[in-house]
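Descriptive analysis of the structure
The residues making up each chain are set out below.
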There are 2 protein chains.
Amino acid sequence: MTGASASEVTAALLVVGDEILSGRTKDKNIGTIADHCTENGIRLKEVRVVADEEAAIVAAIDALRPAYDYVFTTGGIGPTHDDITADAIAKAFGVALPIDERARAMLLERIPEGEMTPARLRMARIPVGADLIENTVSKAPGFMIGNVIVMAGVPSIMQAMLKAVTPRLRTGAKMLSVSVRVDRPEGAVAAPLEACQRAFPDVPMGSYPFMDEGRYGTTLVLRSVDEARLAAAKADLEARLAAVFGG
Amino acid sequence: MTGASASEVTAALLVVGDEILSGRTKDKNIGTIADHCTENGIRLKEVRVVADEEAAIVAAIDALRPAYDYVFTTGGIGPTHDDITADAIAKAFGVALPIDERARAMLLERIPEGEMTPARLRMARIPVGADLIENTVSKAPGFMIGNVIVMAGVPSIMQAMLKAVTPRLRTGAKMLSVSVRVDRPEGAVAAPLEACQRAFPDVPMGSYPFMDEGRYGTTLVLRSVDEARLAAAKADLEARLAAVFGG
């Protein structure tokens, strides 16, 4: 599908969670991670959501990790029996999943020694060879093994882990974007947009309809890593729109 | 991964859209479709989000349609050059994508004949052999071909199409769920929950931490298609929790 190039750093996201697939929980992490990748010069190219089933997680990891520079995962690293993401990642990498003494020490910063139940200790199980990712919110760490970054599903904790791991990631040129709002329906702007796209094939252009006070409008979005090229494409598009609709 | 069984009807969702992957648009359709599937006795087992790239869409359709009873798609069926979902679906099915006279007639209910531009007519291109899905909001139809249901990305239009197509879908037993709120952190409820899960292996149980006024709590969710079995599992869980924490 889409691998890495010298100038581009790519990523996929794997969301683990029955609760997202049943509708009980509405995912908020996809949008946060998408924004974060864009801001940091990483192209998020694919997202998958799978159930809390080891085979499904392993299959997704096997498919995604050779295809992208990084694979983020969210969910399934808590203390209960349905938290099986660490097990699945260890299985996908063919490594053991012992209690990690560094992770155990982190848990003990929050949990008194006498309250360290076997369930809580589950959160200190880390695949052999992984680096820990600090969790400033509730201590139980995430981890990074190979190019796979394993984070919690609770949004505030996921965000803390994402912030902690980002300095370790390779990033590429930041994708810039400009928007042009047109108070016309999509069908009316399609021709000038397509002509502009042909003139600037290196600047991906998207068209997003909206409704404002009962009238259709369209937001046109142009993207490039080159600021000057983006400005030139925008000027070209605006000239084409003015030629059709009047300045 | 997870195919169909006699009693279970499964589905996957493919979200097509650069704007979701860049973070510009926050997806709302995954949650809506997840809820709708659960309410209608369809198990949503997997979601994928891919870019507006034909190869990515075709690869996802090829992977998903043999694996699930139904594959829903959202996005990429508008009038502009970046709307390529219909092209990709036709390619995946190996059929042509001509202007469909039924779809053209639907468009003419909203668009005067004199304003029917080539761009707008793109929305009447339907893969050969597909059935149309009515769009009560803006007329341009979705379609269903084989087990693939192709819908718009704009949430209000997607919802209209989902409502229109649902009577044509096979549905299974409705998955019921009950929640038990415990004002204790997840690590404290893990042991009684796991014991209950072992006693009721046919009732999937999930554990979802929350924070309320600065204190950790846990929502335990039990699911089954059998109401009596669900009630029995809930009573068992409550008894186990009372034994640990006091009634």
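Quantities reported herein were computed from a predicted structural model and do not represent experimental measurements.

Reading the values: the criteria
- For every chain, the first residue of the written sequence is number 1, and numbering continues from 1 along that sequence.
- For this description, chains carry letters from A and ligands carry numbers from 1, given in the order in which they are written.
- The predicted origin of the model limits local features to residues at a pLDDT of at least 70 and limits the giving and counting of side-chain atom pairs to 80 or more, whereas totals for whole chains, interfaces and linings rest on all residues.
- Just so you know, side-chain values use all the structure's heavy atoms and leave hydrogens and water out.
- Helix and strand definitions here come from DSSP, where helices need a minimum of 4 consecutive H or I residues and strands a minimum of 2 consecutive E residues; each element is numbered from the N-terminal end.
- For the exposure calls, accessible area comes from a 1.4 Å probe over protein chains only, and a residue counts as buried if that area is under 20% of its type's maximum, exposed if over 50%, partly exposed in between.
- Throughout, a contact is declared for two residues whenever any of their heavy atoms are within 4.5 Å.
- Each accessible area value is a Shrake-Rupley result obtained with a 1.4 Å probe; residue values ignore everything except the protein chains displayed when judging cover.
- Residues counted as positive are Lys and Arg, residues counted as negative are Asp and Glu, and His and the chain ends are not counted.
- Charge coordinates come from a single atom per side chain, which is NZ of Lys, CZ of Arg, CG of Asp or CD of Glu.
- The fit set for superposing copies consists of C-alpha atoms from residues with pLDDT of at least 70 in both; the fit itself is least squares.
- UniProt positions are given in the numbering used here, feature names are shortened, and annotations may be inferred rather than shown by experiment.
- What counts as a salt bridge is simple: a side-chain nitrogen of Lys or Arg found within 4 Å of a carboxyl oxygen of Asp or Glu.
- For any pair of parts, buried area is found by adding up, for both, the accessible area (1.4 Å probe) each one loses once the two are put together.
- Here a polar contact means two N or O atoms within 3.5 Å. Within protein one must be a hydrogen donor candidate and the other an acceptor candidate, and residues neighboring in sequence count only if both atoms are side-chain atoms.
- Residues are grouped as follows: Ala, Val, Leu, Ile, Met, Phe, Trp, Tyr, Cys and Pro are nonpolar; Asp, Glu, Lys and Arg are charged; every other residue, Gly included, is polar.
- The criterion for strand pairing is that DSSP finds at least two bridges linking the strands in question.
- Fitted lines through C-alpha atoms serve as axes, helices being fitted only where they are in contact, and the angles separating the N-to-C directions of these axes extend from 0 to 180 degrees.
- Whether two aromatic rings pair depends on their centres lying within 6.5 Å, for rings of Phe, Tyr and Trp, where Trp uses its six-membered ring; planes under 30 degrees apart make the pair stacked, over 60 edge-to-face, and the rest tilted.
- To sit over a ring, a charge needs its Lys NZ or Arg CZ within 6 Å of the ring centre and within 35 degrees of the ring normal.
- The source of the domain bounds is an automatic or database domain assignment.
- Confidence of the prediction at every residue is given by pLDDT, a number between 0 and 100.
- Roughly parallel here means an angle under 35 degrees, roughly antiparallel means over 145, roughly perpendicular means 65 to 115, and every remaining angle is called oblique.
- Note: crossing handedness is left-handed where the near helix turns anticlockwise from the far helix by less than a right angle, and right-handed where it turns clockwise.
- Each helix should span, by expectation, one fewer than its residue count multiplied by 1.5 Å.
- Two axes enter the definition of the bend at a residue: one is fitted to the seven residues ending there, the other to the seven starting there, and the bend is the angle between them.

1. Digging into the overall build of chain A
Secondary structure summary: chain A contains 9 helices and 9 strands in total. Considered along the principal axes of its C-alpha atoms, chain A spans approximately 75 × 40 × 30 Å. Evaluated residue by residue, chain A yields a buried proportion of 55% over its 247 residues. When contacts within chain A are restricted to residue pairs at least 6 apart in sequence, long-range pairs at least 24 apart make up 69% of them. When the accessible area of chain A is evaluated, it comes to approximately 10200 Å², of which 52% is carbon and sulfur surface. Separation of charge centres in chain A, based on 27 positive and 32 negative side chains, amounts to 2 Å.

2. Details of the relation of the copies chain B and chain A
Superposing chain B onto chain A takes a rotation of 180° combined with a translation of 0.0 Å along the rotation axis, leaving an RMSD of 0.0 Å. What the rotation and shift describe, once combined, is the action of a two-fold rotation axis. Residues of chain B ranked by C-alpha distance from the rotation axis are headed by Arg 48 of chain B, positioned 2.2 Å from it. In this assembly, 100% of the residues forming the interface of chain B have copies in chain A that are likewise at the interface, indicating an isologous arrangement.

3. Considerations on the UniProt feature "domain: MoaB/Mog" (unreviewed entry) in chain A
UniProt records the feature "domain: MoaB/Mog" (unreviewed entry) at residues 12–172 of chain A, using the numbering of this structure. Across residues 12–172 of chain A one finds 37% helix and 18% strand; the C-alpha atoms that close the span lie 15 Å apart.

4. Describing the pattern of salt bridges
Residue and element names in this part refer to chain A. Going through the model one piece at a time under the given rule, you end up with 36 salt bridges over all chains. A salt bridge links Glu 8 to Arg 43; its shortest N-O distance comes to 3.6 Å. With Glu 8 in the segment before strand E1 (10–16) and Arg 43 in strand E2 (residues 43–50), the pair connects residues that are 35 residues apart, well separated along the chain. For Asp 100, the salt bridge is made with Arg 102, and the minimal N-O distance between the two is 2.7 Å. Taking relative accessible area as the criterion, Arg 102 reaches 42% and is therefore assigned partly exposed.

5. Let's talk about the interface of chain B and chain A
Of the residues lining the interface, 57 residues belong to chain B; the matching set on chain A comes to 57 residues. Approximately 4400 Å² of surface area, both sides summed, lies buried where chain B meets chain A, with 57% of it carried by carbon and sulfur atoms. If you look at where chain B meets chain A, you find 6 salt bridges. A salt bridge links Lys 26 of chain B to Asp 35 of chain A; the nearest nitrogen and oxygen atoms lie 3.0 Å apart. Put simply, chain B and chain A have 16 residue pairs in polar contact (both at pLDDT 80 or more) between them. Its residues placed into classes, the side of chain B that touches chain A shows 25 nonpolar, 16 polar and 16 charged.

6. Let's talk about the pairing of strand E8 (residues 205–212) of chain A
On any regular strand, side chains alternate: one points to one face of the sheet, the next to the other face. Both E8 of chain A and strand E9 (residues 215–224) of chain A contribute to a ladder of 8 bridges, which runs antiparallel. Among the inter-strand pairings, Gly 206 of chain A is bridged to a residue of E9 of chain A, identified as Val 221 of chain A.

7. Some remarks on the sheet that holds strand E2 (residues 43–50) of chain B
Sheet architecture is open: 12 strands sit in the order E4(A)-E5(A)-E6(A)-E3(A)-E1(A)-E2(A)-E2(B)-E1(B)-E3(B)-E6(B)-E5(B)-E4(B), paired in mixed fashion. Each end of this open sheet is capped by a strand with a single partner; those strands are strand E4 (131–133) of chain A together with strand E4 (131–133) of chain B. Sheet twist, expressed as the average angle between the axes of neighbouring strands with direction ignored, equals 20°. Strand direction decides the pairing type here: strand E1 (residues 10–16) of chain B and strand E3 (residues 70–74) of chain B, joined by 5 bridges, are parallel. The partner of Leu 14 of chain B across the bridge, within E3 of chain B, is Thr 73 of chain B. Relative to the sheet, helix H2 (residues 29–39) of chain A contacts E1, E2, strand E3 (70–74) and strand E6 (148–151) of chain A, its axis offset from that of E3 of chain A by approximately 150°.

8. A word on the packing of aromatic side chains
Each aromatic ring pair is summarised here by two numbers: the centre-to-centre distance and the angle between the ring planes. Applying the stated criterion to the full structure yields 0 aromatic pairs over all chains. Above the plane of the ring of Tyr 216 of chain B lies Arg 110 of chain A, whose end atom (NZ or CZ) is 5.1 Å from the centre. Over the ring of Phe 93 of chain B we find Arg 65 of chain B; its NZ or CZ atom is 3.7 Å from the centre of that ring.

9. Section: the domain arrangement of chain A
The domain boundaries assigned to chain A delineate domain 1 (10–168) and domain 2 (176–245). Using only C-alpha atoms to locate each centre, domain 1 of chain A and domain 2 of chain A end up separated by 38 Å.

10. Examining the confidence of the model for chain A
The share of residues in chain A with pLDDT of 70 or more is 97%, and the mean pLDDT across the chain is 94. Segment residues 1–5 of chain A: pLDDT under 50, and 13 contacts once partners within four positions in sequence are set aside and those in other chains are kept.

11. A short note on the packing of helix H3 (residues 54–64) of chain A against helix H4 (residues 85–93) of chain A
All names here are of chain A. Relative orientation of the contacting elements H3 and H4 amounts to 50°, with a least axis distance of 9 Å. Classified by the angle their axes make, H3 and H4 are oblique. Relative to H4, the crossing made by H3 is right-handed. Along the contact surface, H3 presents Glu 54, Ile 57, Val 58, Ile 61 and Asp 62, while H4 presents Thr 85, Asp 87, Ala 88, Ile 89, Lys 91 and Ala 92. Within the contact of H3 with H4, the residues separate by chemical class into 6 nonpolar, 1 polar and 4 charged.

12. What about helix H8 (residues 186–199) of chain A?
Along its 14 residues, H8 of chain A runs 20 Å from first to last C-alpha, staying within 8% of the 20 Å computed at 1.5 Å per residue. Remark: the principal bend of H8 of chain A, roughly 30°, maps to Pro 192 of chain A. When H8 of chain A is considered as a whole, its buried residues turn out to be Glu 186, Gly 187, Val 189, Ala 190, Pro 192, Leu 193, Cys 196 and Gln 197 of chain A. Those residues of H8 of chain A hidden inside the fold are in contact with strand E7 (176–182), E8, E9 and helix H9 (227–245) of chain A together with helix H6 (118–121) of chain B.

13. Looking at the side chain of Ser 224 of chain A
Residues and elements named next belong to chain A. Take Ser 224: it is sitting in strand E9. A residue is classified by how much of its surface remains accessible, and Ser 224, at 6% relative accessible area, is buried. At 2.9 Å, the side chain of Ser 224 forms a polar contact with the backbone nitrogen of Asp 226.

14. What about the sheet that holds strand E9 (residues 215–224) of chain B?
Residues and elements named next belong to chain B. Taken together, the 3 strands give an open sheet; going across it, the order is E7-E9-E8, and neighbouring strands pair in antiparallel fashion. The open sheet has two edge strands with one neighbour each: strand E7 (176–182) and strand E8 (205–212). With strand direction ignored, the average angle separating the axes of adjacent strands in the sheet is 25°. Along the sheet, helix H8 (residues 186–199) contacts E7, E8 and E9; its crossing angle with E8, the most-contacted strand, is approximately 160°.

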